[in-house]
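An overview of the molecular structure
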Amino acid sequence: MGFFSQKGIKVGHSKETSALKPVRIEGCAEVTLLMKQHIGAVCRATVQKGDRVLVGQVVGDTDVPLAAPIHASVSGTVKGFADIRVLSGEDIPAVVLSSDGRMEELPFAPPKMETQEEFFAAVRASGLVGLGGAGFPAHAKLRSAAGDVDILLVNAAECEPYITADHREALDAGEDILAGIRLIARFLEIPRAVIGIENNKGDAVNHLKALCAAASCARLQITTGVLPSRYPQGAEKMFIHSLTGRVVPLGKLPSAVGALVMNVASVAFLGRYEKTGKPLISRTVTVDGGAVKTPMNVRVPIGIKLQELISFCGAGELRPKKIILGGPMMGSASPDLNAVISKCNNSVLLFDEAQTALKPESACIRCGGCVAACPMKLLPVQLEQASRARDAALLEKRDVKGCIECGSFSYVCPAGRELVQRIRMGKRLLREAQQKQKEAAKA
Amino acid sequence: MTNVRIQAPTGGEALAVVSATPHIRSSRSTRGIMLDVLLALLPALAASVWYFGSRALILALLSVVSCVAFEWVARRLMKRPQTVGDLSAAVTGLLLAFNLPATLPLWMAVLGAFVAIVVVKQLFGGIGQNFVNPAITARIVLTVSFATQMTAFHAPNRHSWGTDAVAQATPMKLLSAQAPGKFSAEGLPRLLDMFLGNRGGSLGEGCAAALLLGFAYLCARKVITPLIPLCFVGTVAAASFVAGGFSPLFLGYELLGGGLLLGACFMATDYATCPINWKGKVVFGIGCGLLTALIRLFGNMPEGVSFSILLMNLLVPHIEALTAPKPFGKEGKAHDKAKSRTR
């Protein structure tokens, strides 16, 4: 990190919901299960209209390796199929189930995991994807890390404001987290695990420290790494650097420095899955924001519509001006309440009028705030200019692809410039320019 | 497979706001930053009015009003969004006044404001786009055009609200008139007077105490980092200490005399015309210091702060290109597993 320069930013925490245990939503009338809730291939529906399904039954799967199966999160009947326009703009097919309210489960049994191959197959069958938000299929991540890593880093940093879902996981599911760590460490032969958590979660830090001290042994050393609360502490590269001092080379995966990073909820899920064999059908979501009457953590069936979720939290009467899926720094805004919760949604924020007010955009005054904030040590102001000038060569020279789009620089910008958005456009511009170059070279 | 396309709500139902990330922004604003700079300049303004009387206040007000007016007119004529509200023109106006002698004919100050706002700032695109410091450039244009009036410094006539000023050479003028290597404090104001601003010179450059107070405020409010001022003043100090035969007294006069503190704390730190990265700021500050010392010690002008800042302003794009930070993990090596394996 640069001399005299503090990287990253301080943001308000707004994490009042951390004191609230997740409330389980039981009576869900309908779920819409997207056939792609991960990075990778779209699944194909494996059920027919009118079929009766039980909780945990596979409703979508594919032969493509980079994907994860989708399971029914309620019992009931297949109402039909739909194409859902998700926030990225893609149209994703979905299976719509109407619930019978009975939550009748398949007879689950602990998965058979004796060899590494069986472990990967079981993780795949569980439907687990990165629950921190990235949604990378867990089996693919574990498979690619096998043999390459010597440390497991469990990400409980939760540096985004408002969200406390992982904080709750650390408090409520400590034993599951440890079981998950042991499971991963056993099959990937990892001798050391660190749970990284920001220092603004004092109760969880103490809880984890006590658990780790009791669970650590000669074969597997488990510790808690307390990190300063500084956004984006939980971003993979910053997280690895803060905990191990290792620097992931630009454009490389964490395994390049021998690290495997997994979200704390993912690890806890694996711990539970080993015991019960129950696939990924629900998750904890923080519902907060000025337009929510009672902010809370809720345990929801995957596929629940926002409309149904927020009426549960008493946001029905207050009209949200902005609906955000995910955190306020990196989450996506939805135009309406038709969006559905997928495996990697950790929060729903409903902003009121005042929170929605956009900062007017004015000319860059070259204050250098963005440069001081950028955790990747890029020059956001130059990237924005290069993007506006459609200068692919400069974008490449200034490593636009290294931008993790954390938004720190937009946050501090006094001129309210839409830096993230223009840098995204710059990335796309560079991708297209390189594509063209490749085609020209071929011809 | 029957497809039911789920539609967005229709029938006049208002959709929620969709915008790019991040959805929360800091309360920092251009106007707030400029207001902080104005506040930081107030102690020095008060000192100048204390020492030079009403004339100083009139000049400062006129300069600010002219700058704001020129900005307003220029934006209107160019059919661009109005930007006088961001207060940057007011900052330029006050800084320009700080660079003028209290007795300067008023119309010259208005001309300076024109050069600063219209020629240097607006013709190049307005705030953030000028490549040299507007106030510094205006001062240089005025110095070159009206050498007599721009160097007609007067002794502070404290408590006098008239214009019956007595001409007095500035400490820098006296220093540069001395034979090289033979420093003598004779004829110079006391160092304490220099620190408090009780000496001849431009409006805002005299009172080191007030300038340092403003500088501390800007640092505390994180409007500027102290990098450039420290490197700038540090370099001048080192060069003067050596050139003055390690005389602390000479060093004191070099640091408190002329426009060094005003230039280093408020002019060289101008956002638009200094590098954005910390390495660039260090290079820029040292460069300003070296040039200032060279001009002071070897040039035929008594003072070199404004020229050194102007010259370094021109080099900023190159400094930035040469000192661009290396992205986190660029050219990084893969981790050596054999070494870190603990078993």
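Residues numbered from 1 in each chain as written. Chains lettered and ligands numbered in written order. Predicted model: local features only at pLDDT ≥ 70, side-chain atom pairs only at ≥ 80, totals over all residues. Heavy atoms only, no water.

Observations concerning the layout of surface pockets
Here is the rule: Cavity means a closed set of points on a 1 Å grid over the protein atoms alone, one where a 1.4 Å probe fits but cannot get out, pocket means an open set with protein on both sides within 12 Å along at least 5 of 7 lines, and lining means a residue has an atom within 4 Å of a point. Grid points are joined across faces, edges and corners, and a volume is the space filled by probe spheres set on the points. Helix and strand assignments come from DSSP, with helices taken as H or I runs of at least 4 residues and strands as E runs of at least 2, each series counted from the N terminus. Residues are grouped as follows: Ala, Val, Leu, Ile, Met, Phe, Trp, Tyr, Cys and Pro are nonpolar; Asp, Glu, Lys and Arg are charged; every other residue, Gly included, is polar.
Its volume calculated, the second largest pocket comes out at about 1,300 Å³. Along the walls of the second largest pocket sit 46 residues, with Gly369(A), Ala372(A), Arg28(B), Lys222(B) and Thr225(B) positioned nearest its centre. Counting residues per element, the lining of the second largest pocket draws most heavily on helix H10 (residues 369–373) of chain A, which supplies 4 residues. Here the lining of the second largest pocket is built from residues that sort into 21 nonpolar, 14 polar and 11 charged.

Description of the domain arrangement of chain A
All names here are of chain A. Just so we agree on the cut-off: An automatic or database domain assignment supplies the residue ranges for each domain. Note on contacts: a residue pair qualifies if any of its non-hydrogen atoms lie within 4.5 Å across the two residues. Buried area adds together the accessible area that both of two parts lose upon being put together, with accessible area traced by a 1.4 Å probe. Should a side-chain nitrogen of Lys or Arg be within 4 Å of a carboxyl oxygen of Asp or Glu, the pair is scored as a salt bridge. For this analysis, a polar contact is any N or O atom pair within 3.5 Å, provided that within protein one partner can donate a hydrogen and the other can accept it, and provided that sequence-adjacent residues contribute only side-chain to side-chain pairs.
Taken domain by domain, chain A consists of domain 1 (116–276) and domain 2 (369–434). Distance between the C-alpha centres of domain 1 and domain 2: 30 Å. If you look at the interface, domain 1 gives 6 residues, while domain 2 gives 7 residues. In this assembly, domain 1 packs against domain 2 so that about 520 Å² is buried in total across both faces, 79% of it on carbon and sulfur atoms. Among the residues domain 1 hides against domain 2, the three largest losses belong to Tyr231, Met238 and Leu250. Together they make up 69% of the total. Linking domain 1 with domain 2 are 0 salt bridges, by the criterion used here. Counting every contact that joins domain 1 to domain 2 gives 1 residue pair in polar contact (both at pLDDT 80 or more). Broken down by class, the residue content of the side of domain 1 that touches domain 2 amounts to 5 nonpolar, no polar and 1 charged.

Digging into the interface of chain B and chain A
Contacts between the two partners involve 57 residues from chain B, matched on the other side by 86 residues from chain A. Across the interface of chain B and chain A, roughly 5,800 Å² is buried in total on both sides, 58% from carbon and sulfur atoms. Of all residues in chain B, the largest losses of buried area upon contact with chain A belong to His23(B), Ile276(B) and Phe328(B), amounting jointly to 15% of the total for that side. Counting across the interface, chain B meets chain A through 3 salt bridges. Here Glu418(A) and Arg25(B) are joined by a salt bridge, their closest N and O atoms 2.9 Å apart. There are 18 residue pairs in polar contact (both at pLDDT 80 or more) connecting chain B and chain A. Residue classes in the side of chain B that touches chain A are distributed as 29 nonpolar, 17 polar and 11 charged.

So, the environment of Leu429(A)
Residue and element names in this part refer to chain A. Turning to its location among the elements, leucine 429 is positioned in helix H14 (residues 419–442). A C-alpha to C-alpha distance of 6.6 Å links leucine 429 and alanine 392, two positions 37 residues apart in sequence. Ignoring sequence-local partners within four residues, the contact set of leucine 429 consists of Arg390, Asp391, Ala392 and Leu395.

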